[in-house]
Amino acid sequence: MADEAQPPNGTDVVDKMTVEVAEMALDAKEAAGKEAAGGQPGAAEPAAQPSEKETNGSATPANKPVCSAAFKEQFKAFSKFGDTKSDGKHLTLSQSDKWMKQAKVIDKKITTTDTGIHFKKLKSMKLTYEDYNKFLDDLAKTKKVELDEIKNKMANCGAPGVHNATPGKAAETVARLTDTSKYTGSHKQRFDETGKGKGIAGRKDMVDQSGYVSGYGHKNTYDKTH
């Protein structure tokens, strides 16, 4: 009877409290894990993965926004190129090809055959600005080229007829053929020492009307005082 009435000693009370605190800490940890897994408020959100564009820095020049005003001005300029009567509102296939060649859009991937096929899909000899954009869009999709890349090149290729080609063998050949100091025979007689053409005197034997005998080498040396 004495054993049943004994109260718990101090050590038992401390052990019981330690267990309860440990259980509470474990329950709190499990609850936090469930909230994070279920996407509850307060759960840590995974960091957003950077896009390929952000990883590589800013957008590439080929994909930068196209200046519509510049592209439209180029459309007007090339629509008048070689056609003085053009109102600048329509573009022919020939003018389009010249524009694309100057902008270096026509290359090994996009040829004049490709542009001809897609241009003729619109069933018109001349395209308006709106239809021309449709032509470019269709061409870009078929050839798997970025439309903005094509337009940027065409918007920034310079005025019609402007080429930044460097002198090559052709220029060297022309320079050699026009160097009068290397001419021989009758061709040499057509130019003076400076390379300036003598005109008819370089092509025909002119009669000397000065009064001197032909071939006389002391012309204008005679003392006029005698």
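Residues numbered from 1 in each chain as written. Predicted model: local features only at pLDDT ≥ 70, side-chain atom pairs only at ≥ 80, totals over all residues. Heavy atoms only, no water.

1. Looking at the overall build of the protein chain
Using the following cut-off: Secondary structure is summarised from DSSP: a helix means a run of H or I of at least four residues, a strand means a run of E of at least two, and numbering begins at the N terminus for each. Residues count as neighbours in contact if any of their non-hydrogen atoms are within 4.5 Å of one another.
A count of helices and strands for the protein chain gives nine helices and two strands. Listing each helix as α and each strand as β along the protein chain from the N terminus yields α-α-α-β-α-α-β-α-α-α-α. Considering only residue pairs separated by 6 or more positions, the protein chain has 54% of its internal contacts joining residues 24 or more positions apart.

2. Notes on the pattern of salt bridges
Defined as follows: Salt bridges are defined by distance alone: a side-chain nitrogen of Lys or Arg within 4 Å of a carboxyl oxygen of Asp or Glu. Using a 1.4 Å probe on the protein chains alone, a residue whose accessible area is under 20% of its type maximum counts as buried, one over 50% counts as exposed, and one in between counts as partly exposed.
Taken as a whole and assessed by the stated rule, the structure comprises six salt bridges. Between D114 and K143 there is a salt bridge, with its nearest N and O atoms 3.4 Å apart. Here D114 is found in helix 5 (residues 112-120), whereas its partner K143 is found in helix 6 (residues 129-143), with 29 residues between them in sequence. Salt-bridge contacts for K141 lead to D137; the nearest nitrogen and oxygen are separated by 3.4 Å. Of this pair, K141 and D137 both sit in helix 6, four residues apart, roughly one helical turn. On the basis of relative accessibility, which here comes to 60%, the residue K141 falls in the exposed class. A relative accessible area of 29% places D137 in the partly exposed class.

3. Some words on the packing of helix 4 (residues 93-102) against helix 6
The cut-off we apply is this: Every axis corresponds to a line fitted to the C-alpha atoms, with the helix fit spanning only the stretch in contact, and the corresponding angles, defined between N-to-C directions, vary from 0 to 180 degrees. Angles are sorted into four bins: roughly parallel if under 35 degrees, roughly antiparallel if over 145, roughly perpendicular if 65 to 115, and oblique for all others. Should the near helix be turned anticlockwise from the far one by less than a right angle, the crossing is termed left-handed; should it be turned clockwise, right-handed. Three categories are distinguished: nonpolar for Ala, Val, Leu, Ile, Met, Phe, Trp, Tyr, Cys and Pro, charged for Asp, Glu, Lys and Arg, and polar for the others, with Gly belonging to the last.
The N-to-C vectors of helix 4 and helix 6 enclose an angle of 55 degrees; their axes lie 13 Å apart at closest approach. By the angle between their directions, the pair helix 4 and helix 6 is classed as oblique. Between helix 4 and helix 6 the crossing geometry is right-handed. Of the residues in helix 6, those touching helix 4 at S96, W99 and M100 are Y132, F135, L136 and L139. When grouped by side-chain class, the residues that make up the contact of helix 4 with helix 6 number six nonpolar, one polar and no charged.

4. Describing the packing of aromatic side chains
Stated formally: Working definition: a ring pair exists when centres of Phe, Tyr or Trp rings (six-membered ring for Trp) sit within 6.5 Å. Plane angles under 30 degrees give stacked, over 60 give edge-to-face, the rest tilted. When the NZ atom of lysine or the CZ atom of arginine is within 6 Å of a ring's centre and also within 35 degrees of its normal, the charge is said to sit over that ring.
A full pass over the atoms with the stated rule returns nine aromatic pairs. Aromatic side chains F71 and Y129 sit 6.1 Å apart centroid to centroid with 55 degrees between the ring planes, which places their arrangement in the tilted category. Taken together, the positions of F71 in helix 3 (residues 68-79) and Y129 in helix 6 put the pair 58 residues apart, joining distant regions of the chain. The two residues F71 and Y129 agree in class, both being buried. Relative to F135, the ring of Y132 lies with its centre 5.3 Å away and its plane at 40 degrees, an arrangement referred to as tilted. Pair noted here: Y132 and F135 are both in helix 6, with a separation of three residues, about one helical turn. You'll find Y132 and F135 in the same group, each marked buried. Members of the aromatic cluster, each reached through a chain of ring pairs, are F71, F75, F78, F81, W99, F119, Y129, Y132 and F135. Sitting above the plane of the Y129 ring, K72 keeps its charged end 5.2 Å from the centroid. One Lys or Arg, K151, reaches over the ring of F71 and ends 5.2 Å from the middle of that ring.

5. As for the confidence of the model for the protein chain
The condition is simple: Values of pLDDT, the confidence the predictor places in each residue, fall between 0 and 100.
In this model, the protein chain carries a mean pLDDT of 74, and residues with pLDDT of at least 70 account for 46%. Low confidence marks residues 39-45, where pLDDT is under 50. Its contacts with residues over four positions away, or in another chain, come to four contacts. Here residues 52-62 scores under 50 on pLDDT; set against residues more than four positions off or in separate chains, the count is seven contacts.

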